[in-house]
Amino acid sequence: MNKWIELSIQYANQRSYLDDLFQVYPTIPEGIREIDDKLWANIEKAFKHKNNDLLIRELLKLDLFPIKDSYIAYLKRDESSIDRNPRTINRICGRIYELGLDKLYERCSEPKETNRQIGPMFRDWLRNKSLGITPVELNKFLANKKDAILDGSDKSMMEFAKEELGYNHNKGLDFIGRFNGKFVIGEAKFLTDFGGHQNAQFNDAISTVKAKVKAEKIAILDGVLYIKGNNKMYKSVTETYKNYNIMSALVLREFLYQL
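Residues numbered from 1 in each chain as written. Predicted model: local features only at pLDDT ≥ 70, side-chain atom pairs only at ≥ 80, totals over all residues. Heavy atoms only, no water.

*Asks:* Provide a residue-level description of the packing of aromatic side chains, including the pertinent values.
*Replies:* Under the counting rule described, the total for this entry stands at 13 aromatic pairs. Geometrically, the ring pair formed by Tyr25 and Phe190 is stacked, given 5.0 Å between the ring centres and 20° between the ring planes. Of the two residues, Tyr25 is situated in the loop between α2 (17-21) and α3 (37-48) and Phe190 in strand β3 (residues 182-191); the sequence distance between them amounts to 165 residues. A single burial state applies to Tyr25 and to Phe190, both of which are buried. A centroid spacing of 6.4 Å and a plane angle of 55° characterise the contact between Phe202 and Tyr241, whose relative ring orientation is tilted. Linking Phe202 in helix α12 (residues 196-209) with Tyr241 in the loop between α13 (232-240) and β5 (246-247), this pair joins segments that are 39 residues apart in sequence. Assigned by exposure class, Phe202 and Tyr241 land together as buried. Cation over ring: Arg178 sits above Phe141, and NZ or CZ is 4.7 Å from the ring centre. (Phe/Tyr/Trp six-rings, centres within 6.5 Å; stacked < 30°, edge-to-face > 60°. Helix = DSSP H or I, 4+ residues; strand = E, 2+ residues; numbered from the N terminus. Buried < 20%, exposed > 50% of the residue type's maximum accessible area, 1.4 Å probe, protein only. Lys NZ or Arg CZ within 6 Å of the ring centre and 35° of its normal.)

*Asks:* Account for the pairing of strand β4 (residues 216-223), with residues named and values stated.
*Replies:* By the criterion of burial, β4 is predominantly enclosed, with six of the eight residues buried. Summarising the sheet, β3 and β4 pair through eight bridges and their orientation is parallel. When the bridges of β4 are listed, Glu187 appears paired with Ala219. Viewed along the sheet, the connection from β3 through α12 into β4 turns out right-handed. Note on the crossover from β4 through α13 to β5: the handedness is right-handed. (Pairing = 2+ DSSP bridges. Right-handed = clockwise from strand over helix to strand, strands pointing away.)

*Asks:* Residue-level account of unusual backbone geometry, with values.
*Replies:* Across residues other than glycine, the phi torsion is negative in most instances, and most of the peptide bonds are trans. Phi is positive for Lys129, which is not a glycine, with a value near 65°. The topology assignment puts Lys129 in the loop between α9 (121-127) and α10 (138-141). Residue class for Lys129 comes out partly exposed when judged on its relative accessible area of 48%.

*Asks:* Residues and numbers for the environment of Met1, please.
*Replies:* Take Met1: it is sitting in the segment before α1 (3-14). Relative accessible area serves as the criterion here: at 44%, Met1 is assigned to the partly exposed category. As a C-alpha pair, Met1 and Thr238 span 237 residues in sequence and 6.6 Å in three-dimensional space. Leaving out residues up to four positions away in the same chain, Met1 has contacts with Glu6, Ile9, Thr238 and Lys242. (Contact = heavy atoms within 4.5 Å.)

Here you go:
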């Protein structure tokens, strides 16, 4: 197995991994969602009078529906379906009444998920000189052959990678650096759970390390993939992709300076 995968797994399972990772991904939840007073008054009225039709219509106007149900998206996109499907409406409203008004308000005003805010955090961590050098703009990056990290927009970094390194993917890059005269490119992902969107994030990062490019390729991955067990991500990094440079952001510095 690749040394850096091994080190990352050891770090995640033997040290204060999550405490240390918070320096890279300080996921601070946003404040609670604000609910329009007039809209909430209508919801409260419908709830108290057990008016299922009005309750559903008013709740669908909120940014966040209070319960998870596979049929909510359909009702949102086709309001006329509310009239045509009374049993579905009654079923959903039954779950809502079970919550009680206080819990209903709490659910409707929950903060946005922190994983939607994670994107820029890795680059902010780089800008804090966490790798020993401050990222620089393109003209300074090209001014000499010293160790350097490129700081730029998604577009400018991708253009550099395409023109100078032969990178031909449409996925953005989170890291472009030069250490000991070698270019390094990579994507950074914090995989907070298994399945769905997180699997897609994992696959994005893997596609970067598999790309044909004139540079060292790395996947800077953190999160649940280092939990030992039969989960698909762990098996992928320890078996399918065991020879690729996959590593935690917390061992990235050691990797770069040993090049």
